[in-house]
Structures are given as structure tokens and as C-alpha cells.
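# Commentary on secondary and tertiary structure
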Amino acid sequence: MSADTKIAELLTELHHLIKRTQEERSRSEHNLLNIQKTHERMQTENKTSPYYRTKLRGLYTTAKADAEAECSILRHALDKVAEIKSLLEERRIAAKMAGVYSENDPPRKTMRRGVLMTLLQQSAMTLPLWIGKPGESPPPLCGATPASSDYVAKQGDKVAARVKAVDGDEQWILAEVVSYNHSTNKYEVDDIDEEGKERHTLSRRRIIPLPQWKANPETDPEALFSKDQLVLALYPQTTCFYRALIHAPPHRPQDDYSVLFEDTTYADGYSPPLNVAQRYVVACKENKKK
């Protein structure tokens, strides 16, 4: 089965799941309305009788079951979305290896700067939000949660890569994994800004995988970097990571970090607060300020 056919099938399944979600929600609204009316009657009569307690217990039990059913459908839908994104990424990588590009993903070396910046913003916005079950801890690469020690980034994954610049200095750049050699424990990565033109062979310690899920500040605040923590963050409108302090973590799932970049042109050594998406903030391996 071709990737296009599989994607079409998954989109059809996703459509059905979305319709089921709406049907489930519409069905549960009647029960929620009953809960509201029961509470209003209790307030009017100014008493809580055994009858009302029994009735509310039954209504809330039904509401809980309805919510769990809707949650199950939504999780199934999210799985379908993840499958579709994975297939689209596999297709993109295959096209790249064959030297075939689309209008939506032209080769980086011919891409206008503004287009690349827009693609990076879209990648940050569409990074999935981790939604765990009650009591479930966020997985590795969710927000600030680091990868496991034996983790190997896959072909096509975006990473922060420490490379030597033209002037001999080292810098952290946004790169895409081309391959990993298990014999030498080295990656081959492309500079995201110079795809197909500048390829680097780097050891694992020079690679930091980027988050694969956004952490939800409302449910998993421990999976976010905290205020004053030292990080590497992608400087806005560039493809380079620089050392920064967390000024404020996200407050809502859609929020960015507010960070202070190290900058000697300012009296206190730091820039004014700038917003950087969760996608592009990683732990800093160097603890001391230069």
C-alpha cells in the first residue's frame, strides 16, 4: 500500500472519530444539564435530601463514564494524527534522498529566509501536546525531560548540533539527522539553514535531541524548565542556539518560554526577555557562564 493511500485511509478514519466525538459530546450534554437543574432545585428548596444525593450520585457516575468514553475516542484520534504525521515525514525524507522537492518543502539552499523562518514557526506550533493519563509521568523528550542515555535520534529528527564555524569558533545550530553510525557512535547531520550544502559528522555528545512533545504547564509543570535555569534557546529569526536564562516558563499549553539571552552589550549581561517556543529550548550542557 502506498503512503498516499494509507494517509487517505487514516484521514477517513480520523474524520469518523471526530464525528463520534461530537456525537458523544452531544449525548452527554443532556446528563450535564440534568446535573445543573438538580443543583438549582436543591438551592431553591434549601435542602439536600437522600433522594437528591442518590440522584446526583447516579448523574455524576454517568457523567464520568461519558467523559472517559469521549477521552478514549480523542486519544484514538490523536494516535491517527501521529500516524499521519509520521507517514508525511517518511515521504518527505524519501523525496529528499531522491532529490525531489515539493513547493511546500523546497531545498533549504534555494529557500528564502522568510520561508524557512515560517516553516520553523509552524514546526513549533504543531508540536503535539503530551496528554497523559491520570498519574502518568511525561515521557523522555517531553518539554524539558531529557532523552534516555541510550537514545538515538532517527533520520529526519531535528536536533541542536555543536559545530565549528568558519572562524573556528564553535556554535550550536539547528540541524536535521541524516544518519547514525552505530559502529563509530557518530551522527551525520545537515545544517537546517544549508541543507545539502553543509553536512557534519558529529559524536553523540555534540547532539541534543529537540523535544518531541510540548509539556502542559497546567498538568505537568515539572516537565518544564524553571525560572533562572540555564538553557540553550534558538534565537528568534535565526537557526542558532545560544545560552540563556529562563525568565518565565509557559503558563498555558500554547505559551512560549520567556528567556534572557546572554549578551555583553547590555549592562547586566542579558538581553531583554524574548519568547522562544518549547520546541527550541533544550538543556545547556555547559554550566558555567563564559
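Structural data are supplied above this passage.
Read on for an overview of the structure. (Residues numbered from 1 in each chain as written. Predicted model: local features only at pLDDT ≥ 70, side-chain atom pairs only at ≥ 80, totals over all residues. Heavy atoms only, no water.)

## Regarding the overall build of the chain
Our working definition: Secondary structure follows DSSP: runs of H or I at least 4 residues long count as helices, runs of E at least 2 residues long count as strands, and numbering of each begins at the N terminus. Here the globule rule is a power law, 2.2 Å times the number of residues to the power 0.38, and the radius of gyration is based on C-alpha atoms. Working definition: with a 1.4 Å probe on protein chains only, accessible area under 20% of the residue-type maximum means buried, over 50% means exposed, and in between means partly exposed.
Counting secondary structure elements, the chain contains 3 helices and 10 strands. Helices and strands in the chain line up, N terminus first, as α-α-α-β-β-β-β-β-β-β-β-β-β. Relative to the 2.2 N^0.38 estimate, which gives 19 Å for 290 residues, the radius of gyration of the chain is 24 Å and therefore markedly larger than a compact globule would have. Taking the principal axes of the C-alpha coordinates as reference, the chain spans close to 80 × 55 × 40 Å. A burial count over the chain gives 39% of its 290 residues as buried.

## Description of the environment of L87
This is how it is decided: For this analysis, residues touch if any pair of their heavy atoms sits within 4.5 Å.
Relative to the helices and strands, L87 is located in helix α2 (residues 50–98). We classify L87 as buried; its relative accessible area is 17%. Excluding residues within four positions of it along the chain, L87 makes contact with K6, I7 and L10.

## With respect to the state of the cysteines
Applied cut-off: Whenever a pair of cysteine sulfur atoms sits within 2.5 Å, that pair is classed as a disulfide.
Across all of its chains, the model carries 0 disulfides by this definition. With no disulfide partner, C142 has as its closest neighbouring cysteine sulfur the one in C71, 16 Å distant. Residue class for C142 comes out buried when judged on its relative accessible area of 0%.

## So, the pairing of strand β8 (residues 257–261)
Worth spelling out the cut-off: Pairing between strands is defined by DSSP: at least two bridges between the two strands are required.
Counting buried residues in β8 gives 5 out of 5 residues, a clear majority hidden from the surface. Neither face of β8 is exposed, since Y257, V259 and F261 on one face and S258 and L260 on the opposite face are all buried. Bridging between strand β7 (residues 240–248) and β8 involves 4 bridges; their strand directions are antiparallel. Across the sheet, residue A244 finds its bridge partner in β8, namely F261. Where β8 and strand β9 (residues 274–276) come together, 3 bridges link them in antiparallel fashion. The partner of S258 across the bridge, within β9, is N275.

## Remarks on the pairing of β7
Here strand β2 (residues 170–181) runs beside β7; their pairing, made up of 2 bridges, is antiparallel. Its bridge partner being in β7, I173 is matched across the sheet by C240. Between strand β6 (residues 230–234) and β7, which follow one another and run antiparallel, lie 5 residues, and Q237 among them has a positive phi close to 65 degrees.

## Focus on the packing of aromatic side chains
For the record, the criterion: Aromatic pairs are defined between Phe, Tyr and Trp rings, using the six-membered ring for Trp, whenever the two ring centres lie within 6.5 Å; interplanar angles under 30 degrees are classed as stacked, those over 60 as edge-to-face, and all others as tilted.
Tallied over the full model, the rule gives 6 aromatic pairs. Consider the rings of Y51 and Y52, whose centres lie 5.3 Å apart with planes at 55 degrees: the pair is tilted. Through successive ring pairs, a cluster of aromatic residues spans Y235, Y242 and F261.

## A few points about the nonpolar core
Heads up, the condition is: Residues belong to one nonpolar core when they are buried, are Ala, Val, Leu, Ile, Met, Phe, Trp, Tyr or Cys, and are joined through side-chain atoms within 4.5 Å.
Among the nonpolar cores identified, the biggest contains 36 residues, and L174, F241, V259, Y280 and V281 are the most heavily contacted of them. Broken down by secondary-structure element, the contributors of at least two residues to this core are α3 (113–125), β2, β6, β7, β8 and β10 (281–283). Top contributing element to this core by residue count: β6, with 5 residues. Not counting residues up to four positions away in its chain, the partners in contact with V259 are A233, A244, L245, I246, H247, P272, P273, L274 and V276.

## Structural notes on α3
Operational definition: What a helix should span is 1.5 Å times the count of its residues minus one. Here, the arc refers to the directions that run from the helix axis to the C-beta atoms.
Taking 1.5 Å per residue as the helical rise, α3 with its 13 residues ought to reach 18 Å, and the 19 Å between its terminal C-alpha atoms agrees with that figure. For α3, every residue scored as buried is listed here: L116, M117, L120 and A124. One face of α3 carries all of its buried residues, which in axial projection span an arc of 100 degrees. In the core, the buried residues of α3 are packed alongside β2.

## Points about empty space enclosed by the protein
Condition: A 1.4 Å probe that fits into a set of points on a 1 Å grid over the protein atoms alone but cannot get out defines a cavity; an open set with protein on both sides within 12 Å along at least five of seven lines defines a pocket, and lining residues are those with an atom within 4 Å of a point. Grid points are joined across faces, edges and corners, and a volume is the space filled by probe spheres set on the points.
On inspection of all chains with the given rule, the structure shows 1 cavity of 30 Å³ or more. Taken as a whole, the largest cavity holds about 40 Å³ of empty space. If you go around the largest cavity, the residues you meet are I93, K96, M97, Q155, G156, E176, V177 and V178. Of all the secondary structure elements, the ones that give two or more residues to the lining of the largest cavity are α2 and β2.

## Observations regarding α2
Under the 1.5 Å per step criterion, the end-to-end length of α2 is 72 Å for 49 residues, consistent within 8% with the ideal 72 Å. Looking at the residues trailing α2, positive phi occurs at G99, about 80 degrees.

Purely spatial values, then, with no claim about function.
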